[in-house]
Amino acid sequence: MSSFLSRIPSLASDYSGACSVLLALHSLNLLYSPGGCSSAVIECDEIRDLRQTLFFSSKLGEMEAVMGAAEEFLFHAERLRAQNRQTELIAIIGTPVPALTGVDIGAMADRLSKRTGLTVLALPTEGFETYYSGVYYTLLTLGKRFLERREKKNNQVNIIGYTPLSLGKETHLTELMDELGQCGLEINCSPIEKIDMKTFQSMSSAGLNLVVSHEGVGLAQYMQKEYSIPYVMNLPVGLWGMQRLFQVLAEIVDIPRSNASKQRYAPTGRAQPRQRAVVIGEPLFASCMASCLHNDFGLDYVEPTSLMKMDRRMKKVYQEETLFGVHLFEGEEALGEWIDRIQPDIIVGDPLYQGLLGEGSTRYVPIPHVGLSGRMYADAHYAYIGRRGYDYLAGFFGG
Amino acid sequence: MSCTGYIRTSSGEEKIKLADIANKMPLDSFFDRGIADDECGELVNLVLCVPGIDVVAAGPSSCSRVLYFRAGKKGLNEKLFLLPVSSNDFATGKHLEKLEEALESLVTTRRSKAIIVYITCADILMGTEFVSLTKRIESRYGIPVKVFERGPLARRRTLPKERLCGIFVDLLQRGVLQETKSHINLLGDSGKLPKDFGLRQILRNYCTGEEIREFAALDSYEEFEDMANGKLNIALDRFGYDLAVRMWEKWNIPFLYLPACYNMKEIKHNYAALMEGMQVTWDFSQDAKEYHRVAAEVAVALVGKRIAVGIGPRSFELAQALELIGLSVAAIFAETVNKQDMTYIQALSATGSQAEVFLVSNVTVETQMGGFEGIDIAIGEKASFYCLKAKEIVVSADYRFGYEGIIEILEGMR
């Protein structure tokens, strides 16, 4: 079959990524669209309760789509703002149609900002790129617009880059939050809470940024440059991930040395050196999962991979050392062929990737990736972080 | 009458009296709030349910992604192929080359009987010309390749399901024979009728000599083509009606239109129409008795309970049916209000309904936070989105004949 045809869905789009970041804020989110584009967010990509958000999509007719409908859009946006006074910012989010007709979303945002007195973010997403781009760009835009220099608090850690699209439900991160809290660290921008602008702005006083997805790196790089806040890219998958995280934290912020001790995170299972494994997922997830399988379960051969199209705006992200070992594939056919060649014993990844595998004895460890499979498996029982992640994986690796 | 509606007005007015709505029809909003819709017959599934037809969805990845999950919900994505198109490919027209290659590979590897190419707003806006491409494939391989314009932009010209009907009629044309066979076609988009459902049982009892063909449950592409030779079409919804009208215009196949309804008068009309169309008589008083029994029990059990209805286009119809039973509808959530709704709005007014009407996109957070506390039962996605503490009743989009639809809802409310 043609290499152009795909049997699994594309990753969630850039505007879904933008929405995913914004839904954690008190933001009035307005999609500039003929009408159907919001379905992708509502039906597939957003697994959180939409009642907690203000997410609207315009409905444009053909003439409005072609000729532009900026004035009408702004008029109704202003009215929505008047009806929802508790919003702290407004975002205008682009979709394929305004991208093709050349709508100036930046100018619209400026005008709406003047009329409402609120900060209005222009997010000219296009629907052609992946959610990685959308998350990256939105986080960076928020950082540039809202952060300002603050007094340093060395025990404050920001968690950057969490969205359900890459990491599933926020409950997956509770063990990480608990462990950081036990070390006396103050966590800012918690993934499990709605974030107000005051909290967001206080990010610039942190002693460290903990980046948990590659799409969060742009903001961390910006904050390092502007506010001299160091960052680490580490999603603490399994016991090894947690141990590594606390070793790194101990070098940067003030935490008890015992938290980084090897005994605390010693694996209990037996090693499986002859097993060959492939991990497919978001690049940082894949990299950290591969490290966990290697160190917690003794696998000699683990290849982290990611099915994604690179975005040139994110080129600095791809240069991060943590991601060097990750194989990137643009198409599912190339990934399928590569897996056929490697003949792994185990594959860790979203259940939808199983459709790319031929008949064989490969064991499959399902870790849903919402950015790929949407809501299909989001409620499934699985874990990847810390002790819980180790226990889940041990169920497959005989630990 | 205390019904009030929330509409968009240039003065920024938020509430208006129901009596004023008639002068401002149709009511709509510029923005849609992000709320999931009640399950609806999805266009891609309508095509995918026909054996032998493959679908290629070409467009921005954000557009084709939705189709995958909609088809997946019905287990139909085996025949769905996605062709993600980059912005560069759109700008240079390169996606047409890719599409042609993809179509060739599909016809040679899968023996498709027909292919429908779904295109999106992006190609509609660009005015991309697909005819020469599809003609080339058709003449080279002898299978029909049709282009279907999906998406909200296309919707403004003709309804998508109407265009899809046009495509189906084109495909059916190849199956037309001289003789008329004795099968009856059930035309509708809501999927296969469950075995124990009323219409199926009626047809089984009264049409012993005729084969029943369901559009949504055909066994082969040949059966699909043979629908053009049926002796009667029974249309179950708007899509079925459009298709039946075209089949009547083209091939003189008579049809009955039996849309699902909640209103007793219309339900009785459907029974009468079915009997007349099939030239049989039967006593459906048992069905009516069962409905009245359930309605009476529910009316007693739910005395004083406040109900919200928000099931999409038929919300006013359902609200009126519930009020007639003696239930108290306190809120109706509507995305739009159009002329068809006015019949039910007027009927609600006439019976002194205390219902308030909310245009879902205009409900403010303040109203949401405080206004719906007293609702006990929320019917449909739009209602349950706002009425957080209410018991949620999900309304199935599957076809229900006669009293089945309303009985099912009433049973759920108990």
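Residues numbered from 1 in each chain as written. Chains lettered and ligands numbered in written order. Predicted model: local features only at pLDDT ≥ 70, side-chain atom pairs only at ≥ 80, totals over all residues.

Trainee: An account of the overall build of chain B is needed here, citing residue identities and associated values.
Mentor: What chain B contains, in helices and strands, is 19 helices and 16 strands. Against the globule reference of 22 Å for 414 residues, chain B gives a C-alpha radius of gyration of 23 Å, in line with a compact fold. Seen through its C-alpha atoms, chain B measures out along the principal axes to roughly 70 × 55 × 35 Å. For chain B, the proportion of its 414 residues judged to be buried stands at 48%. Relative to all contacts within chain B whose residues are 6 or more apart in sequence, the contacts with residues 24 or more apart total 71%. (Helix = DSSP H or I, 4+ residues; strand = E, 2+ residues; numbered from the N terminus. Rg over C-alpha atoms; globule rule 2.2 N^0.38 Å. Buried ≥ 20, exposed ≤ 12 C-beta atoms within 10 Å, placed from the backbone. Contact = placed C-beta atoms within 7 Å.)

Trainee: Describe in detail the overall build of chain A, supporting the description with residues and values.
Mentor: When helices and strands are counted, chain A shows 17 helices and 13 strands. A compact globule built from 399 residues would reach a C-alpha radius of gyration of about 21 Å, and chain A, at 21 Å, matches this within 12%. With respect to the three principal axes, the spread of C-alpha positions in chain A is 65 × 60 × 35 Å. Relative to its 399 residues, chain A shows a buried fraction of 54%. Across chain A, every contact between residues at least 6 apart in sequence was considered, and the portion connecting residues at least 24 apart equals 72%.

Trainee: Give me the lowdown on the interface of chain B and chain A, citing residues and values where you can.
Mentor: Many analyses report the size of an interface as the accessible area lost when the parts associate. On the side of chain A, 50 residues touch chain B, which itself brings 41 residues to the contact. Sorting the residues of the side of chain B that touches chain A by element identifies β3 (31–33), α3 (61–73), β5 (80–84), α5 (94–110), α6 (121–126) and α8 (152–155) of chain B as the ones contributing at least two each. Broken down by element, the side of chain B that touches chain A gets its largest block of residues, 7 residues, from α3(B). Classifying every residue of the side of chain B that touches chain A gives 22 nonpolar, 12 polar and 7 charged. Pairing analysis gives 3 bridges linking strand β2 (residues 54–58) of chain A to β3(B), with the strands arranged antiparallel. Residue pairing for β3(B): A:Ser58 is matched across the bridge by B:Phe31. (Nonpolar A, V, L, I, M, F, W, Y, C, P; charged D, E, K, R; others polar. Pairing = 2+ DSSP bridges.)

Trainee: Explain the nonpolar core to me, using residue names and the numbers behind them.
Mentor: A:Met289, B:Val56, B:Leu83, B:Ala308 and B:Ile379 are the most contacted members of the largest nonpolar core, which has 252 residues in total. Non-local contacts of B:Val56, meaning those with residues more than four positions away in its chain, are made with B:Phe81, B:Leu83, B:Ala102, B:Leu103, B:Leu106, B:Ile115 and B:Val117. (Core = buried A, V, L, I, M, F, W, Y, C linked by C-beta atoms within 7 Å.)

Trainee: Account for the environment of A:Pro230, naming residues and giving values.
Mentor: Residue and element names in this part refer to chain A. Within the secondary structure, Pro 230 is located in the loop between α11 (217–227) and β8 (231–233). Judged by C-beta crowding, with 15 C-beta atoms within 10 Å, Pro 230 ranks as partly exposed. Residues Pro 230 and Leu 208, spaced 22 residues apart in sequence, show a C-alpha to C-alpha distance of 5.4 Å. In contact with Pro 230, other than residues within four places in its own chain, are Leu 208, Gln 224 and Ile 252.

Trainee: For the sheet that holds strand β8 (residues 184–187) of chain B, give the residues involved together with the corresponding values.
Mentor: What holds strands together in a sheet is hydrogen bonding between their backbones, with the strands either parallel or antiparallel. Residue and element names in this part refer to chain B. With parallel pairing, 4 strands are arranged side by side in an open sheet as β9-β8-β10-β11. Two strands bound the open sheet, and with one partner strand each, they are β9 (212–214) and β11 (255–257). Averaged over all neighbouring strand pairs, the angle between strand axes comes to 20°, with direction disregarded. Note that strand β10 (residues 232–235) and β11 share 3 bridges and pair parallel. Within β11, the position partnered with Ala 235 by the bridge is Tyr 257. (Axes fitted to C-alpha atoms, helices over the stretch in contact; angles between N-to-C directions.)

Trainee: Describe the domain arrangement of chain A, naming the residues involved and giving the relevant values.
Mentor: Residue and element names in this part refer to chain A. If you check the domain split of chain A, you get domain 1 (14–129), domain 2 (149–263) and domain 3 (267–397). Between the C-alpha centres of domain 1 and domain 3 the distance comes to 34 Å. Counting from both sides, the interface comprises 4 residues of domain 1 and, opposite them, 5 residues of domain 3. (Domains from an automatic or database assignment.)

Trainee: Can you explain helix α7 (residues 131–146) of chain A? Please cite residues and give values.
Mentor: All names here are of chain A. With 16 residues, α7 ought to run about 22 Å at 1.5 Å a step, and its terminal C-alpha atoms sit 22 Å apart, in line with that. What α7 keeps buried is the set Tyr 131, Tyr 132, Ser 133, Gly 134, Val 135, Tyr 136, Tyr 137, Thr 138, Leu 139, Leu 140, Leu 142 and Gly 143. Of the surrounding elements, those touching the buried residues of α7 are α1 (14–22), β4 (119–123), α8 (164–167), α10 (197–201), α11 and α16 (370–373). (Expected span 1.5 Å × (residues − 1).)

Trainee: Report on the packing of α5(B) against helix α7 (residues 131–141) of chain B, specifying residues and quantitative values.
Mentor: Residues and elements named next belong to chain B. Running from N to C, α5 and α7 cross one another at 25°; their axes reach a closest spacing of 10 Å. Classified by the angle their axes make, α5 and α7 are roughly parallel. Read as a crossing pair, α5 and α7 show a hand that is right-handed. The segment α5 lies against α7, with Leu 96, Leu 99, Glu 100, Leu 103, Glu 104 and Val 107 engaging Leu 133, Ile 137 and Tyr 141. Among the residues forming the contact of α5 with α7, the class breakdown is 7 nonpolar, no polar and 2 charged. (Parallel < 35°, antiparallel > 145°, perpendicular 65-115°, else oblique. Left-handed = near helix turned anticlockwise from the far one by under 90°.)

Trainee: An account of the sheet that holds strand β6 (residues 186–188) of chain A is requested, with residue identities and associated values reported.
Mentor: All names here are of chain A. The 4 strands lie next to each other as β6-β5-β7-β8, forming an open sheet whose pairing is parallel. Every interior strand has two partners, whereas the edge strands, β6 and β8, have only one. For this sheet, the mean inter-axis angle between neighbouring strands, taken without regard to orientation, is 25°. Against the sheet, α11 contacts β5 (153–160), β7 (206–211) and β8, and its axis sits at roughly 155° relative to β7.

Trainee: Talk me through helix α4 (residues 70–83) of chain A; I want residue IDs and the actual numbers.
Mentor: Along an α-helix, residues three or four apart share an orientation, since each turn contains 3.6 residues. Here α4(A) spans 20 Å end to end across 14 residues, near enough to the 20 Å set by a 1.5 Å rise per residue. When α4(A) is considered as a whole, its buried residues turn out to be A:Phe73, A:Leu74, A:His76, A:Ala77, A:Leu80 and A:Arg81.

Trainee: Which residues make up the environment of B:Glu138, and what are the values?
Mentor: All names here are of chain B. Along the chain, Glu 138 turns up in helix α7. It is 39 Å that separates the C-alpha atoms of Glu 138 and Cys 207, two residues lying 69 residues apart in sequence. Not counting residues up to four positions away in its chain, the partners in contact with Glu 138 are Ile 143, Pro 144 and Val 145.

Trainee: I'd like to hear about the environment of A:Arg111, residue by residue, with values.
Mentor: As for its position among the elements, A:Arg111 is in helix α6 (residues 105–116). As for A:Arg111 and A:Ala70, which are separated by 41 residues in sequence, their C-alpha atoms are 9.8 Å apart.

Trainee: Please set out unusual backbone geometry residue by residue, giving values where relevant.
Mentor: Residue and element names in this part refer to chain B. Phi angles above zero are rare outside glycine, and Arg 111 is one such case at about 50°. Within the secondary structure, Arg 111 is located in the loop between α5 and β6 (114–119). Judged by the 10 C-beta atoms lying within 10 Å of it, Arg 111 falls in the exposed class.

Trainee: Provide a residue-level description of the pairing of strand β13 (residues 328–334) of chain B, including the pertinent values.
Mentor: Residue and element names in this part refer to chain B. Taking burial as the measure, the 7 residues of β13 include 6 buried ones, the bulk of the element. Across 4 bridges, the pairing between strand β12 (residues 306–309) and β13 is parallel. Bridge pairing in β13 links Val 309 to Ile 332. For β13 and strand β14 (residues 356–359), the ladder comprises 4 bridges, and the chain directions are parallel. What sits directly across from Ile 332, in β14, is Val 357.

Trainee: Break down the confidence of the model for chain B for me, citing the residues and quoting the values.
Mentor: Residues and elements named next belong to chain B. In this model, chain B carries a mean pLDDT of 86, and residues with pLDDT of at least 70 account for 91%. Throughout residues 1–13 the model reports pLDDT below 50, and contacts reaching past four residues in sequence, or to other chains, amount to 41 contacts. Quick note on the complex model: pTM equals 0.91, ipTM equals 0.92. (pLDDT = per-residue confidence, 0-100.)

Trainee: Tell me about the domain arrangement of chain B, residues and numbers included.
Mentor: Residues and elements named next belong to chain B. For chain B, the assigned domains read domain 1 (4–30 + 286–413), domain 2 (43–157) and domain 3 (184–278). A separation of 29 Å is found between the C-alpha centroids of domain 2 and domain 3. At the interface, 6 residues of domain 2 touch 8 residues of domain 3.

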